[in-house]
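Understanding the architecture of this molecule
The lines below spell out each chain.
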Amino acid sequence: MNDFFAAIGQFLGHVIRFVVDALSAGLHGLDDAASSFIGGIAGALGIPANLLSLLVLVLGLWLLWKAFSALRRRAIVATLIWVILGISVLGWLIN
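This text gives an overview of the structure that appears in the document. (Residues numbered from 1 in each chain as written. Predicted model: local features only at pLDDT ≥ 70, side-chain atom pairs only at ≥ 80, totals over all residues. Heavy atoms only, no water.)

Attention now goes to the overall build of the chain. In terms of helices and strands, the chain carries 3 helices and 0 strands. Its helices and strands taken in sequence order, the chain reads α-α-α from the N to the C terminus. Taking 95 residues into account, the globule formula puts the C-alpha radius of gyration at 12 Å, and the chain, at 25 Å, lies well above it. Here the C-alpha coordinates of the chain stretch approximately 80 × 30 × 15 Å along the principal axes. A burial count over the chain gives 17% of its 95 residues as buried. (Helix = DSSP H or I, 4+ residues; strand = E, 2+ residues; numbered from the N terminus. Rg over C-alpha atoms; globule rule 2.2 N^0.38 Å. Buried < 20%, exposed > 50% of the residue type's maximum accessible area, 1.4 Å probe, protein only.)

Following this line, the structure appears as structure tokens:
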């Protein structure tokens, strides 16, 4: 009887180990892809690949998106303000 439960325990252990190894390999591949993507963006822009630089990049792109939204609403003054802010932030970052 003990051998039966030992075999079931080993089988479940192997199944759990397989699932964990598969998830680990998949997440490792995703981590490598994300690191390469962030490194590629940072390298193309000439900025360091740290969290602060990436947050400032996202902020600058968001400001430009706000400018585009204002342009679609035909709010010319708001568009100019958003464009100036967005280009200032991105220019500061890339410089």
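Further remarks concern the packing of helix α2 (residues 51-72) against helix α3 (residues 76-94). Packed helices, taken two at a time, are described by the angle their axes make and the gap between the axes. Contact pair α2 / α3: the axes reach a minimum separation of 8 Å and the direction vectors enclose 160°. In this view, α2 runs roughly antiparallel relative to α3, as classed from their interaxial angle. For the element pair α2 and α3, the recorded crossing hand is left-handed. Contacts between α2 and α3 involve Ser53, Val56, Leu57, Leu59, Gly60, Leu61, Leu63, Leu64, Lys66, Ala67, Ala70 and Leu71 from the former and Ile76, Ala78, Thr79, Trp82, Val83, Leu85, Gly86, Ile87, Val89, Leu90, Trp92 and Leu93 from the latter. In terms of residue class, the contact of α2 with α3 is made up of 19 nonpolar, 4 polar and 1 charged. (Axes fitted to C-alpha atoms, helices over the stretch in contact; angles between N-to-C directions. Parallel < 35°, antiparallel > 145°, perpendicular 65-115°, else oblique. Left-handed = near helix turned anticlockwise from the far one by under 90°. Contact = heavy atoms within 4.5 Å. Nonpolar A, V, L, I, M, F, W, Y, C, P; charged D, E, K, R; others polar.)

With respect to the helices and strands, the residue alanine 33 is situated in helix α1 (residues 2-45). Alanine 33 gets classed as partly exposed once you look at its relative accessible area, which sits at 44%. Along the sequence, alanine 33 and alanine 7 sit 26 residues apart, while their C-alpha atoms lie 39 Å from each other.

Turning to unusual backbone geometry, a few remarks are in order. In this structure, arginine 74 is a non-glycine residue whose phi angle is positive, near 60°. Along the chain, arginine 74 falls in the loop between α2 and α3.

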